[in-house]
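One letter stands for each residue in the lines below.
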Amino acid sequence: MKSSGVKNIIVLDESGFVAGELKSDKSMSFTVGDRPLDELRAEYSGKNEGDIFGILVIGSDIMTNPRNVQLYTFKPSTLETETAIAGQIGNIVEAEKLKAYSIENLPQIMEEVKTTVSVQAYRIGESGESRESSSTVSMIFAIAFGMMIYMMVFLYGGTVLQGVVEEKSSRVLEVVVSSVRPFDLMMGKILGIAAVALTQFFIWVVLIAVLGGLLMQAFAGDLMAGAASMTGEAGSMTAAMSGVDAESLAAVKTLTDAGFLLKMLGGFLVYFIGGYLLYAAMYAAIGSAVESSADAQQLQFPITIPIIMAMIIMLRAANDPMSPLAVWASIIPFTSPLVMMARLPYGVPATELVLSVVLLYLTFILTVWFAAKIYRVGIFITILVTGGAGYIGSHTAVELVGTGYGVVIADDLSNADMSAVEGVRAISGKDIPFVKADCCDEKEMEEIFREYGIDAVIHFAASKSVEESVREPLKYYRNNILSFATVLGLMRTYGVEHMVFSSSATVYGQPDALPVTESAPRKPANSPYGNTKQICEDILRDSISAYDGMKGVALRYFNPIGAHPSALIGELPRGVPANLVPFITQTAAGIRERLHIFGGDYSTPDGTALRDYIDIMDLAKAHVAALDRMLNGKNKGRYEVFNIGTGVPLSVLRLVRTFERVNGVAVPYKITGRRAGDVEAVWADTSLANIELGWKASRSIEDSLASAWDWEKHLRYG
Ligand SMILES: O=c1ccn([C@@H]2O[C@H](COP(=O)(O)OP(=O)(O)O[C@H]3O[C@H](CO)[C@@H](O)[C@H](O)[C@H]3O)[C@@H](O)[C@H]2O)c(=O)[nH]1
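Just so it is clear, the model here is predicted, and its values are computed rather than measured.

Conventions used here
- Residues numbered from 1 in each chain as written.
- Predicted model: local features only at pLDDT ≥ 70, side-chain atom pairs only at ≥ 80, totals over all residues.
- Heavy atoms only, no water.
- pLDDT = per-residue confidence, 0-100.
- Contact = heavy atoms within 4.5 Å.
- Helix = DSSP H or I, 4+ residues; strand = E, 2+ residues; numbered from the N terminus.
- Buried < 20%, exposed > 50% of the residue type's maximum accessible area, 1.4 Å probe, protein only.
- Near = heavy atom within 4 Å.
- Polar contact = N/O pair within 3.5 Å; in protein donor to acceptor, adjacent residues only side chain to side chain.
- Areas by Shrake-Rupley, 256 points an atom, 1.4 Å probe, with all protein chains shown as cover.
- Phe/Tyr/Trp six-rings, centres within 6.5 Å; stacked < 30°, edge-to-face > 60°.
- Lys NZ or Arg CZ within 6 Å of the ring centre and 35° of its normal.
- Axes fitted to C-alpha atoms, helices over the stretch in contact; angles between N-to-C directions.
- Parallel < 35°, antiparallel > 145°, perpendicular 65-115°, else oblique.
- Left-handed = near helix turned anticlockwise from the far one by under 90°.
- Nonpolar A, V, L, I, M, F, W, Y, C, P; charged D, E, K, R; others polar.
- Patch = residues over 30% accessible without salt bridge, like charges linked within 9 Å, V, L, I, M, F, W, Y side chains within 5 Å.
- Salt bridge = Lys/Arg side-chain N within 4 Å of Asp/Glu carboxyl O.
- Disulfide = S-S within 2.5 Å.

K.L.:
Help me understand the confidence of the model for the chain, please; the structure alone is not making it clear to me.
P.N.:
For the chain, the average pLDDT comes to 86, and 86% of its residues sit at 70 or higher. Predicted confidence for residues 226–243 stays below pLDDT 50, and this span has 27 contacts to residues more than four positions away or in other chains. Here the prediction assigns the complex a pTM of 0.60, and the interface score ipTM is 0.97.

This is the structure:
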């Protein structure tokens, strides 16, 4: 990779008057050779690292046959070198010819002695064989191929960029993305457009080849025939001596040299594909990072800089393929596709070629990875689901992914199981990120905000046992309130503005009027648990009113029941279930002897308490609806509250009977005294959620109870 420096050229001058007149300069140095050509060739052949650049043979009849000049090189020759030598010899011959004329009619003489010398280059390989090649053709090839790469990159890179930008605004993509890794999606997009580009390119190549062939036949038939009749060095020498334009012959020979053409086409394909892929990946990264085509225009500029640089270096490299700039630019991936094409005709060491190709394709893959990372952040709206391993959290995570949202689950697994996360992954078919973190731990949580571009939070993380909260209030105030305040604080720090909070119908206590609307007064809480839900609602309301941009929805759930239809996730109570349905399923499964129905003396049709049982899948969908509303700017206030229920009251006894009927299992039960803290009846007025969220419970109580039983059986019997 060292610079070519001064080109030392041995001159064998058969004419006797040229060698002495050749002037050395900083690029070329001439010494007169004192041994025959064959001897010199044998001595220097294969010693590419040596000092001698080549041997210049000037024919004895140079005065009458100015084309009888041959340059045998041990290193790649360039058009620049050949032109310089030809120029010098031309001047010397002209001067020599001038001597023979009377000086009186100088202008006429000048015209007459004007001589154009062409140098035929012979590249001496390791084997000592010399092959004639045309520098002009090589350069034209290099530049033409380089230009094609350049055009393709611009043309189809732009297509990739537009494609990514357009799809970003399309919801369809989010659905696609939910089942494909961003890396695969990005790669598919780039390769898909590459396939189109290549097809179009090959159509062009075939067209040009056919047209070119016809033109060649029409205009260059004679020349081709001449070239075909002369094979090898001897032929060329004859041609040179017979005065046929040697450069034209060399051009035709180069064009008909299958080895040369194969090398150039092979190189072109490797660099065309590699160059396109790399730049397409860069365009894709930009497409991922911007919101609109207009923004993309501005960001495209940085990409054009290396391409333009590569174009400039490519033109230089065609003249001096061994200069350090050319060598490095042909290895560095961003310029290599163009620059290497310019160097290729002159012969490039295999190590440089391999390094260049490997680096090009490696950088492409890295760029796709990088683009995919931006894409994920740019295209996915990523939702942090705290408590996502819990009952409602896991079902909501499934629903979010199904809708096209990106999800990160955070859970300390204190009252949940990793199997729920696995279930979510299995259902959604996606490797959803899970972080074991306590929402009260600011450091742990901050990692999540830093690592994943969080756009919104659904906060489920909380302890949920009414009875336990009475025994351990501090645990509840910490787990439910401190955690919520910590998450909200981090949202502020990281500019995350959307919060869906998991509230509860418990805030209504025993409502004065039924069904209960969102505007019903909240009653003093019966338990620390209930109190935390009220306090968290207030924290959210106050934070939103204090902090610009922050928006929030509190969803007041009624009684969530049921499980995902796949039975891969469901409610996972620890110890003796406090809630009705898990107790029923465990009793039906024989784990519990009998169900105790708390209170048969309420003022209700059958004396048992009335509740509004909402299916877990419907409840999960309500979260997506709330999130969509905020993210689409459809919310009417920055803080909104919705009841999430069916609006249909059901007694405990009716629920038990329905369970038995739907599942064909008996649930032994006994009516006992009322449970402390229980309200008699509560059910939702869901009209606000129906109208504003465009959400309505759709699963029947039968569906819910059947899925609850399926889940229990899955837990027991797999
Ligand atoms: O073994 C049991 C369990 C419950 N019930 C009754 O079933 C109904 C529903 O009880 P449960 O499933 O415990 O729900 P709720 O007490 O209504 O509590 C729900 O509603 C509360 C707010 O109202 C939330 O805080 C809870 O998390 C949520 O489960 C109530 O009448 C209970 O008395 C029984 O009869 N036997």
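K.L.:
What should I look at first to understand unusual backbone geometry in this one?
P.N.:
With the exception of glycine, the majority of residues adopt a negative phi angle, and the majority of peptide bonds are in the trans configuration. With an omega dihedral of -5°, the bond running from Leu514 to Pro515 counts as a cis peptide bond. Summarising the element assignment, Pro515 is placed in the loop between strand E11 (498–504) and helix H19 (528–546). Backbone geometry at Leu413 places phi at a positive 60°, although glycine is not the residue there. Locating Leu413 in the fold gives a position in the loop between strand E8 (406–411) and helix H15 (418–428). A relative accessible area of 19% means that Leu413 is categorised as buried. Even without being glycine, Ala567 reaches a positive phi, approximately 60°. Among the secondary structure elements, Ala567 is positioned in the loop between strand E13 (559–561) and helix H20 (580–588).

K.L.:
I'm lost on the site of the ligand in this one. Help?
P.N.:
Near the ligand lie 18 residues; those nearest to it are Tyr529, Asn579, His596, Arg611 and Asp678. At a separation of 2.8 Å, an oxygen atom of the ligand approaches a polar backbone atom of Leu580. Side-chain polar atom of Arg675 to an oxygen atom of the ligand: 2.8 Å apart, as the coordinates give it. Alone, the ligand offers 670 Å² of accessible surface; in the complex the protein occludes 89% of this.

K.L.:
I keep staring at the packing of aromatic side chains and nothing clicks. Help me out?
P.N.:
The geometry of two aromatic rings is summed up by the distance between their centres and the angle between their planes. For the coordinates displayed, the defined rule picks out 6 aromatic pairs. Measuring from ring centre to ring centre gives 4.7 Å for Phe484 and Phe501, while their planes differ by 40°; the resulting arrangement is tilted. Here Phe484, found in helix H18 (residues 473–493), pairs with Phe501, found in strand E11; they are 17 residues apart in sequence, far enough to count as distant. Of the residues examined, Phe501 reaches a relative accessible area of 2% and is grouped as buried. Sitting above the plane of the Tyr547 ring, Arg492 keeps its charged end 3.7 Å from the centroid.

K.L.:
Looking at this structure, I do not really get the packing of H20 against helix H22 (residues 652–663). What am I missing?
P.N.:
In a packed pair of helices, the relevant descriptors are the angle between the two axes and the axis-to-axis distance. Taken N-terminus to C-terminus, the directions of H20 and H22 make an angle of 40°; their axes are 11 Å apart at the nearest point. Put simply, H20 runs oblique to H22. When you trace H20 past H22, the crossing you get is right-handed. For the pair H20 and H22, the contacting residues are Leu580, Val581, Ile584, Thr585 and Ala588 in the first and Val652, Leu655, Val656 and Phe659 in the second. Residue classes in the contact of H20 with H22 are distributed as 8 nonpolar, 1 polar and no charged.

K.L.:
Mind showing me how you'd approach a nonpolar patch on the surface here?
P.N.:
A grouping of Ile203, Trp204, Leu207 and Ile208 is seen on the molecular surface, where their side chains present a nonpolar patch of about 440 Å² in accessible area. Along the polypeptide, Leu207 turns up in helix H6 (residues 182–229). Here Leu207 falls in the partly exposed class, since its relative accessible area comes to 45%.

K.L.:
Before we go on, may I ask you to explain the state of the cysteines in this structure?
P.N.:
A covalent bond between the sulfur atoms of two cysteines is what we call a disulfide. Scanning all chains against the criterion turns up 0 disulfides. In this structure Cys439 is not part of a disulfide, and its nearest cysteine sulfur, from Cys440, lies 7.1 Å away. Overall, the relative accessible area of 4% leaves Cys439 in the buried class. Here Cys440 falls in the buried class, since its relative accessible area comes to 13%.

K.L.:
Where do I start with the pattern of salt bridges in this structure?
P.N.:
Between side chains of opposite charge, pairing is possible as soon as their charged atoms come close. Taken as a whole, this structure holds 27 salt bridges when the rule is applied. A salt bridge links Asp542 to Arg541, with the nearest nitrogen and oxygen atoms 3.0 Å apart. What makes Asp542 partly exposed here is its relative accessible area of 39%. Overall, Arg541 belongs to the partly exposed group, its relative accessible area being 39%. Salt bridges here are not isolated pairs; linked through shared partners, they connect Arg522, Glu537, Asp538, Arg541, Asp542 and Arg556.

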